[in-house]
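Chains, contacts and geometry: an overview
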Amino acid sequence: MEESADGKAKKAGARLCCLCHQKKAALKRPKTLEQICRECFYEVFEEEIHQVIVENQLFKPGERIALGASGGKDSTVLAYVLSELNKRHNYGLDLFLLSVDEGITGYRDDSLETVKRNEIQYGLPLKIVSYKDLYGWTMDEIVKMIGLKNNCTFCGVFRRQALDRGAALLKVDKLATGHNADDIAETVLLNILRGDIARLSRCTSIVTGEDGPIPRCKPFKYTYEKEIICTYAYFKRLDYFSTECIYSPNAYRGFAREFIKDLERIRPRAILDIIKSGENFRISTSTKMPEQGTCERCGYISSQKWCKACVLLEGLNRGLPKLGIGRTRGLNNDDKKDTKKTNGTKSIESKQCGTLDF
Amino acid sequence: MACSASACQSNCYKTQQEEEEDVKDNNNTNSFAANSSSSNNNNSNSGLCLKCKANQPISSNSDGGDDARFCIDCFRGNLFGKFRFAVTSNAMIAPTDNVLVAFSGGPSSRVALQFVHEMHSKAQKNFDACRDRSLPVFGVGVAFVDESSVYSVPSNETDKVFGDVRLIVENLAPPSKELYIVPIESVYSSDSGEGRERLKKLLDAVGDATGREDLLLHLRMLALQKVASQNGYNRLLLGSCVSRIACHVISATVKGQGYSLPADVQYVDARWEIPVVLPLRDCLAKELTMLCRLDGLKTVELIRSPCTGINGLVSSFVTLLQEENPSRECTIMRTAGKLIPFHFNKIEEIDDSNVLLATRRRQKRYNLKPNESFSSESFCFICNSPLSRSDLLSLKNLESHKTSSVCCSSCQFQILPQDPSSVNELYTLLPEQLFARAKHDNLDHYSALREQVQDFLLSEGEDET
């Protein structure tokens, strides 16, 4: 049954905050539906995140931390909260903003302006890495070539590498992203729908990639998206960019997102319950870790001969948009004639189509 | 790699098919239909069944979906094949067993009933034909749970429903099958009037709509277990199909029951007093409904209030996904199938020499080998799901009420009331059988633990060895 603050200090007409019992309640907390005043809300919001950081030992004093900064609500609030908590609780961290420019006109160029403002507002140094520099392609160019069905796959793969490279350039020890509880719940559902048991076993971890180039953590793992936007950013009027990616209407994740929004309306705690289920799934540990090596082409971490980004890039450059998408037997099983290692930033020579047998 | 054989019906990924991006994305699935649809474009015999190429397909246009391109016999044969494979490879029905088929009136359990009957009558014919009568015929009963008291259905409608059910079961003979119409209030040992009263009070005491619906499901299972046990059945057969299981996967995830989920989605669920078997686990609801229509298998529609709350939401969600991609239900179930099952998700090894050696061998081959060989699970006394470590650690002190009744966090949230005084009241409304079962399970657990450390226990007055 949903908790309500009805039994608590409720006077006829005026509702008092259920925590301090002094100020008038300004909102119903999305996570618990408690009636709460603004100041108490800020306090519990920030304190809960502090507890998550402490209990999961996300940071160590003296560490350099890059914050994934897109200019959106999650990363803006992340930057704000972490710099606050860093001061308040003396985490002793060196914080940086790291931004990725995918080259999406009308979306990313606008949101980057927000990040540049955040740099000034929070006093955190900013680094921007771009797809154009790293891969020779912008997302606009990619979508023009492959259409709107698999573009999110490309962007996701490229972004992961871009963040790692940016983090390496900044010489940071960890990367923190603004993934919130809703995101993680959506990912759990998506992995169930897609049959991806390996990802399902990893996606609820609050820290990932400890054996890779840069470990990443998600301090907002138990933080509700609603609490971040409607209340926190809305009340504090933090500067953030609030449009969805222009290519996203076709994303499959949309199904899961709609469902979770409906679910939240019936039972708010269901979002945390999904995450809990994800943490408790009985998955054989032998399916978890693919063998780890390095990409022959660019040296990035990879479980195959070529990393996914290189496979996708090869497809783009050769006019084979489906390369690396779906379950084709692709590049990695073939003898390469061109095994030159590049650092990924130079433009790649395209090969003649049809010279490789599949 | 890319298979060029035009009649190939295997699951290899064909690159020339990739270019055909239509709305229906036919991925690899277990469905017979999807396998053959990949060779659709190459099949020139468009007017005949894709499998036997002899008979008329169910429908010549694409109205009925992929299944419709087979003739009735091949379609039915495929479904029955899945049923029979499930039964034999999991040793669900041995000749000495007595199987109680749970019949809800719907198409899935109707098909389950029909297929069991076909096995049953074949076994009887073999028995009659066999001179030495070595292999006995397994027994079959049918149970119909009557929930009309919950939905206040007028008695003339319930009488009609009972009449229809009786007629269906009577026509599934020879060999004849006993029918049990089980009122849901029979979970209480008191007389039916008092039982109905208590049930009504119980359901009213549960504030959460989803909790109420789920509690009713748990009571339904309790009623089935009771009638099976009291009438000498040792197997309970349900008609749960892919579609229902897919919905359960999502709703269990959403309710925080990720740990116990694998227990509910296997062929066999032996944590109950009467083990539960799911032979239609690989069949889609759509296929089963179509079979009922084609073969004129009569179903009985029950008057039920629609599922509200989370269960209804999940059901619409899965329906939406299935429309977008017809293999989605299968994929969901396959994901859940990759979770590690529990030790009770198989029939115990049969040593009985009465059982055919072939059955025993088959059972060994397909038996799932879970990681733990030792039963270390505690179970929620309401829904009987195995408790995760986080559930056990976060248990509120319910022990003050009844010592052996531990509860999972999902039932604690959606079924039990929040304040402790009301919890006591609800406990008095629950059937005693739930508490008895919990006590029995925990005693079992305790004695199993004791067995493990038996050698190390010293009792007073014994000499040290």
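Reading guide: rules and limits
Residues numbered from 1 in each chain as written. Chains lettered and ligands numbered in written order. Predicted model: local features only at pLDDT ≥ 70, side-chain atom pairs only at ≥ 80, totals over all residues. Heavy atoms only, no water. UniProt positions renumbered as here; feature names shortened; annotations may be inferred. Helix = DSSP H or I, 4+ residues; strand = E, 2+ residues; numbered from the N terminus. Buried < 20%, exposed > 50% of the residue type's maximum accessible area, 1.4 Å probe, protein only. Contact = heavy atoms within 4.5 Å. Areas by Shrake-Rupley, 256 points an atom, 1.4 Å probe, with all protein chains shown as cover. Core = buried A, V, L, I, M, F, W, Y, C linked by side-chain atoms within 4.5 Å. Axes fitted to C-alpha atoms, helices over the stretch in contact; angles between N-to-C directions. Parallel < 35°, antiparallel > 145°, perpendicular 65-115°, else oblique. Left-handed = near helix turned anticlockwise from the far one by under 90°. Nonpolar A, V, L, I, M, F, W, Y, C, P; charged D, E, K, R; others polar. pLDDT = per-residue confidence, 0-100. 1 Å grid on protein atoms, 1.4 Å probe; cavity = no way out; pocket = protein on both sides within 12 Å on 5 of 7 lines; lining within 4 Å. Points joined across faces, edges and corners; volume = space filled by probe spheres on them. Domains from an automatic or database assignment. Buried area = accessible area lost by both parts, 1.4 Å probe. Salt bridge = Lys/Arg side-chain N within 4 Å of Asp/Glu carboxyl O. Polar contact = N/O pair within 3.5 Å; in protein donor to acceptor, adjacent residues only side chain to side chain.

Chain B is annotated in an unreviewed UniProt entry as Cytoplasmic tRNA 2-thiolation protein 2 from Prunus yedoensis var. nudiflora. Annotation of chain B in UniProt includes, under Subcellular location (unreviewed entry), the sentence "Cytoplasm". According to UniProt, the comment filed for chain B under the heading Sequence similarities (unreviewed entry) is "Belongs to the CTU2/NCS2 family."

An unreviewed UniProt entry annotates chain A as Cytoplasmic tRNA 2-thiolation protein 1 of Prunus yedoensis var. nudiflora. Under the Sequence similarities (unreviewed entry) heading, UniProt states for chain A: "Belongs to the TtcA family. CTU1/NCS6/ATPBD3 subfamily."

Once that is clear, we can look at the overall build of chain B. A count of helical and extended segments in chain B gives 18 helices and 6 strands. The buried share of chain B, reckoned over its 465 residues, is 51%. Of the contacts formed within chain B by residues at least 6 apart in sequence, a portion of 71% connects residues at least 24 apart. Surface summary for chain B: the accessible area is close to 22200 Å², and the carbon and sulfur share equals 50%.

Here we come to the overall build of chain A. If you tally the helices and strands in chain A, you get 12 helices and 10 strands. Across the 358 residues of chain A, 52% fall into the buried class. In chain A, the proportion of contacts linking residues at least 24 apart, taken out of those at least 6 apart, comes to 70%. Of the accessible surface of chain A, which amounts to about 16900 Å², a share of 49% is contributed by carbon and sulfur atoms.

One finds F259 of chain A together with L215, L236, I250, F381 and I382 of chain B to be the most contacted residues of the largest nonpolar core, which totals 93 residues. Here the element with the most residues in this core is helix α8 (residues 209-230) of chain B; it accounts for 9 residues. Beyond its immediate stretch of four places on either side in the chain, F259 of chain A contacts L189 of chain A together with I250, V254, L313, V314 and F317 of chain B. F75, F83, V87 and L291 of chain B belong to the second-largest nonpolar core, a separate cluster that totals 47 residues.

Each pair of packed helices can be summarised by the angle the axes make with each other and by the distance between the axes. All names here are of chain B. Packing of helix α9 (residues 242-254) against helix α13 (residues 328-337) leaves a shortest axis separation of 8 Å and a crossing angle of 60°. As the angle between them shows, α9 and α13 are arranged oblique. Where α9 crosses over α13, the handedness of that crossing is left-handed. Along its contact with α9, which presents V242, S243, I245, A246, V249 and I250, the element α13 presents E329, C330, I332, M333 and A336. A class-by-class count of the residues in the contact of α9 with α13 yields 9 nonpolar, 1 polar and 1 charged.

A few words now on the confidence of the model for chain B. Do not read the predicted coordinates in detail wherever pLDDT is low. All names here are of chain B. In this model, chain B carries a mean pLDDT of 81, and residues with pLDDT of at least 70 account for 77%. Note that residues 368-373 has pLDDT below 50 and, in this model, 13 contacts with residues that lie over four places away or in other chains. Taken as a whole, residues 397-401 scores under 50 in pLDDT and shows 11 contacts with residues more than four places along the chain or in a different chain. On the interface metric, ipTM, the complex scores 0.82, and its pTM is 0.83.

Let us now look at empty space enclosed by the protein. Applying the stated criterion to the full structure yields 7 cavities of 30 Å³ or more. Roughly 130 Å³ of internal volume is contained in the largest cavity. D146, S148, V153, L302 and I303 of chain B are the residues nearest the centre of the largest cavity, which is lined by 14 residues in total. Of all the secondary structure elements, the ones that give two or more residues to the lining of the largest cavity are β2 (139-146), α5 (148-151) and α6 (155-170) of chain B. Tallied by class, the residues present in the lining of the largest cavity amount to 8 nonpolar, 2 polar and 4 charged. As a volume, the second largest cavity reaches approximately 90 Å³. In this structure, the second largest cavity is lined by 15 residues; those nearest its centre are G256, Q257, S260, D391 and C408 of chain B. Within the residue set of the lining of the second largest cavity, elements represented by two or more residues are α11 (270-280) of chain A together with α16 (409-414) of chain B.

Let us look at the domain arrangement of chain B. All names here are of chain B. Partitioning chain B into structural domains gives domain 1 (66-347) and domain 2 (389-451). Of note, the centres of domain 1 and domain 2, computed from C-alpha atoms alone, are 27 Å apart. Facing 20 residues of domain 1, the contacting portion of domain 2 comprises 13 residues. Between domain 1 and domain 2 lies a buried interface of about 1500 Å² when both sides are counted; carbon and sulfur atoms form 58% of it. It is R198, L202 and L222 in domain 1 that bury the most area against domain 2; as a group they hold 32% of the surface buried on that side. Linking domain 1 with domain 2 are 1 salt bridge. Of the charged contacts in the structure, one is a salt bridge between E432 and R198, with a shortest N-O distance of 3.2 Å. Among the secondary structure elements, those contributing two or more residues to the side of domain 1 that touches domain 2 are α7 (192-205) and α8. The element that contributes the greatest number of residues to the side of domain 1 that touches domain 2 is α8, accounting for 8 residues.

Below, the discussion takes up unusual backbone geometry. Residue and element names in this part refer to chain B. Put simply, A173 and P174 share a cis peptide bond, and its omega is -5°. Along the chain, the position of P174 falls in the loop between α6 and β3 (178-183). Residue P175 is bonded to the preceding P174 through a cis peptide linkage, with omega at -10°. Residues other than glycine seldom take positive phi values, yet N384 does so here, at roughly 65°. Within the element layout of this structure, N384 appears in the loop between α14 (357-366) and α15 (389-393). When its relative accessible area of 1% is taken as the criterion, N384 is described as buried.

Bring the parts together and some accessible area is lost; that lost area is often taken as the interface size. All names here are of chain A. Its domain assignment divides chain A into domain 1 (41-280) and domain 2 (292-324). Taken over C-alpha atoms, the centre of domain 1 sits 24 Å from the centre of domain 2. Counting residues at the interface gives 17 residues for domain 1 and 16 residues for domain 2. Summed over both sides, the interface of domain 1 with domain 2 buries roughly 1300 Å², with 72% coming from carbon and sulfur. One can count 0 salt bridges joining domain 1 with domain 2. Taken together, the links from domain 1 to domain 2 amount to 2 residue pairs in polar contact (both at pLDDT 80 or more). Taken together, the elements giving at least two residues each to the side of domain 1 that touches domain 2 come down to α5 (139-146) and α6 (151-170). It is α6 that provides the largest number of residues to the side of domain 1 that touches domain 2, a total of 8 residues. Each residue belonging to the side of domain 1 that touches domain 2 can be placed in one class, and the counts come to 9 nonpolar, 4 polar and 4 charged.

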